[in-house]
Amino acid sequence: MTQHRKDLHGDATATESQVRQMKAEDIFRWDQFVATCPEATFFHKAGWQSVIEQAFGHKTYFLFVEENGVIQGVLPLAEVKSYLFGHSLSALPFCVYGGIAATSETARLKLDQAAQKLAAELNVDHLEYRSLHATHSDWPSKDLYVTFRKTIDPDVEKNMLSIPRKQRAMIRKGIKYELQSCIDESVERFFYAYSSSVHRLGTPVFAKKYFELLKKTFADDCEIMSIVKDDRVISSVMSFYFRDEVLPYYGGGTDEARAMAANDFMYWELMRRCCENGYKTFDFGRSKRDTGSYSFKKNWGFEPQPLNYEYLLVKAQQIPNHNPSNPKYQIFIRAWQKLPLSWANLIGPHIVKNLG
């Protein structure tokens, strides 16, 4: 007699592919699939569910398709409800990459259908996929972000020589200051450097709790490297490791960092360490076109690769524009820069948790 069990679409036979929500007992299999699926990224890992729920209080829907007990595809989603910034369902907020990761077109279609159905049931403004590759040419998309990825040569010196001359000069400036790198287990020094940097830019800071959760959840795959001078932290970066890639994801520097070229030295030191440890890809991460971050990464000889952020409009009439380059946020940015750092660190997390 064939056994039946209920999935997101009602009753289905155990041999049919089913869409289910991830539970605690599914986490190990989920992460096994992510580790081997070519389309999956660090941001598809199961740990993001607990991080997003605990750090920001958002409801998550981590969907997967399985057939005969074998996972065929995953789609991590989170719902963000905000009076100021709207109501969205995204794969995945606070992450550069997301969307569907699948090994079959059947699984991809089922996950896509389930996400659209869920977006309609939740009555969100929009459903968002953050992907390296376009999947819905018929959906509105945002051509704002690019990512920067480059192969790490096995030879340290060749990596240095591949960096354009002016940028090499900045790295050597940091070396002349006798800056040193060290790996931190605590987020304390990182958070000081990061929050100082974000405050200067006039944008809200994430709570320290968020970074503590990232470090606790992803353990050795989440590393903090700080740059110090005479025992003072000058800059610091939190990086994620996935397969043979390193992703420096959050970083910043104190007021002294620019004069010492500490950020330039920091990213080179990370690349050097990763080269020596056998990593093959340096993912410099997302930047908005024509910003200081975009120019900085291009100066390293990295070429921008477009990111495909696609939107299914449910209630909304147009795609959201919640980024600092939006002219309507300029007054807020200037006011935020004048706040004392302690106030900014206290208030900021309540704002940024709704931006995604």
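Everything below is about the structure shown above.
Now for a description of the structure that goes with this document. (Residues numbered from 1 in each chain as written. Predicted model: local features only at pLDDT ≥ 70, side-chain atom pairs only at ≥ 80, totals over all residues. Heavy atoms only, no water.)

## Comments concerning the overall build of the protein chain
Cut-off, in case you're wondering: The helix and strand labels rest on DSSP assignments: H or I over at least four residues marks a helix, E over at least two residues marks a strand, and numbering proceeds from the N terminus. Note on definitions: a residue-residue contact is assigned when non-hydrogen atoms from the two residues lie within 4.5 Å. A 1.4 Å probe and the Shrake-Rupley method give the accessible areas. Residues count as covered only by the protein chains that appear here.
When its secondary structure is counted, the protein chain shows 12 helices and 17 strands. If you take every contact in the protein chain between residues at least 6 apart in sequence, the share linking residues at least 24 apart comes to 71%. Of the roughly 17100 Å² of accessible surface on the protein chain, a fraction of 51% belongs to carbon and sulfur atoms.

## Examining the sheet that holds strand β12 (residues 222-229)
The condition is simple: When DSSP finds at least two bridges between two strands, those strands are taken to pair. Note on method: axes are straight lines fitted to C-alpha atoms, helices fitted across the in-contact stretch only, with angles between N-to-C directions ranging 0 to 180 degrees.
Taken in spatial order, the seven strands make up an open sheet running β11-β12-β13-β14-β15-β10-β16, and their pairing is mixed. Each edge of the open sheet carries a strand with a single partner, namely β11 (180-184) and β16 (304-306). For this sheet the average axis-to-axis angle between neighbouring strands, irrespective of direction, equals 35°. The sheet contact formed by strand β10 (residues 145-151) and β16 spans three bridges and is antiparallel. Its bridge partner being in β16, Phe148 is matched across the sheet by Pro304. With respect to the sheet, helix α9 (residues 262-276) is in contact with β11, β12, β13 (232-242), β14 (245-253) and β15 (281-288), its orientation differing from that of β13 by roughly 40°.

## Details of the packing of helix α2 (residues 47-56) against helix α7 (residues 208-218)
For any two helices packed against each other, the geometry is given by the interaxial angle and the distance between the axes. Quick note on the threshold: Each angle is binned into one of four classes, with values under 35 degrees roughly parallel, values over 145 roughly antiparallel, values of 65 to 115 roughly perpendicular, and all other values oblique. Left-handed describes a crossing whose near helix is turned anticlockwise from the far helix by less than a right angle; the clockwise case is right-handed. Side-chain classes are defined by residue name, with Ala, Val, Leu, Ile, Met, Phe, Trp, Tyr, Cys and Pro counting as nonpolar, Asp, Glu, Lys and Arg as charged, and the others, Gly among them, as polar.
Relative to each other, α2 and α7 sit at 155°, their axes nearing to 10 Å. In terms of orientation, α2 and α7 fall into the roughly antiparallel class. For the crossing formed where α2 meets α7, the hand is right-handed. Together, Gly47, Trp48, Ser50, Val51, Gln54, Ala55 and Phe56 of α2 and Lys209, Tyr210, Leu213, Leu214, Thr217 and Phe218 of α7 make up the contact between the two elements. Broken down by class, the residue content of the contact of α2 with α7 amounts to eight nonpolar, four polar and one charged.

## Comments concerning the layout of surface pockets
Note the threshold: Put simply, the grid is 1 Å and covers the protein atoms alone, a cavity is a trapped set of points that fit a 1.4 Å probe, a pocket is an open set with protein on both sides within 12 Å along at least five of seven lines, and lining residues have an atom within 4 Å of a point. Grid points are joined across faces, edges and corners, and a volume is the space filled by probe spheres set on the points.
Put simply, the second largest pocket is a space of about 500 Å³. Contributing to the lining of the second largest pocket are 27 residues, with Glu39, Gly98, Ile100, Leu132 and His133 lying nearest its centre. Those elements that provide at least two residues to the lining of the second largest pocket are α3 (105-122), β8 (126-131) and β14. Counted by class, the lining of the second largest pocket contains 11 nonpolar, eight polar and eight charged residues.

## Re the pairing of β12
Inclusion rule: Relative accessibility under 20% of the residue-type maximum defines a buried residue, over 50% an exposed one, and the middle range a partly exposed one, all with a 1.4 Å probe and only protein chains included.
Of all the eight residues making up β12, eight are buried; the element is thus mostly covered by neighbouring parts of the structure. Across the two faces of β12 the burial is the same, with Cys222, Ile224, Ser226 and Val228 and Glu223, Met225, Ile227 and Lys229 all buried. One ladder, built from five bridges, connects β11 with β12; its direction is antiparallel. Pairing of Cys182 across the sheet is with Ser226, part of β12. Sheet analysis places β12 next to β13, joined by eight bridges and oriented antiparallel. Bridged to Val228 within β13 is Val233. Where β12 hands over to β13, the hairpin turn is made up of two residues, of which Asp230 adopts a positive phi near 50°.

## Some words on α2
Think of an α-helix as turning once every 3.6 residues; residues three or four places apart then point the same way. Within α2 the residues assigned to the buried category are Gly47, Trp48, Gln49, Val51, Ile52 and Phe56. Residues of α2 that are buried in the fold lie against β4 (59-67), β5 (70-82), α7 and β13. Once α2 finishes, Gly57 follows within two positions and takes phi at roughly 75°, a positive value.

## Remarks on the pattern of salt bridges
Counted only if it meets this: Every case where a carboxyl oxygen of Asp or Glu lies within 4 Å of a side-chain nitrogen of Lys or Arg is listed as a salt bridge.
Taken as a whole and assessed by the stated rule, the structure comprises 18 salt bridges. Its salt-bridge partner being Arg20, residue Asp26 comes within 3.7 Å of it at the nearest N-O pair. By relative accessible area, which is 3% here, Asp26 ends up buried. In this structure, Arg273 engages Glu269 in a salt bridge whose closest nitrogen and oxygen atoms are separated by 3.9 Å. Here Glu269 and Arg273 lie together in helix α9, a separation of four residues that amounts to about one turn. Note on Arg273: relative accessible area 23%, which makes it partly exposed. Here Glu269 falls in the buried class, since its relative accessible area comes to 8%. Each of Arg20, Asp26, Arg29 and Glu66 takes part in salt bridges that share partners, so that together they form one network.

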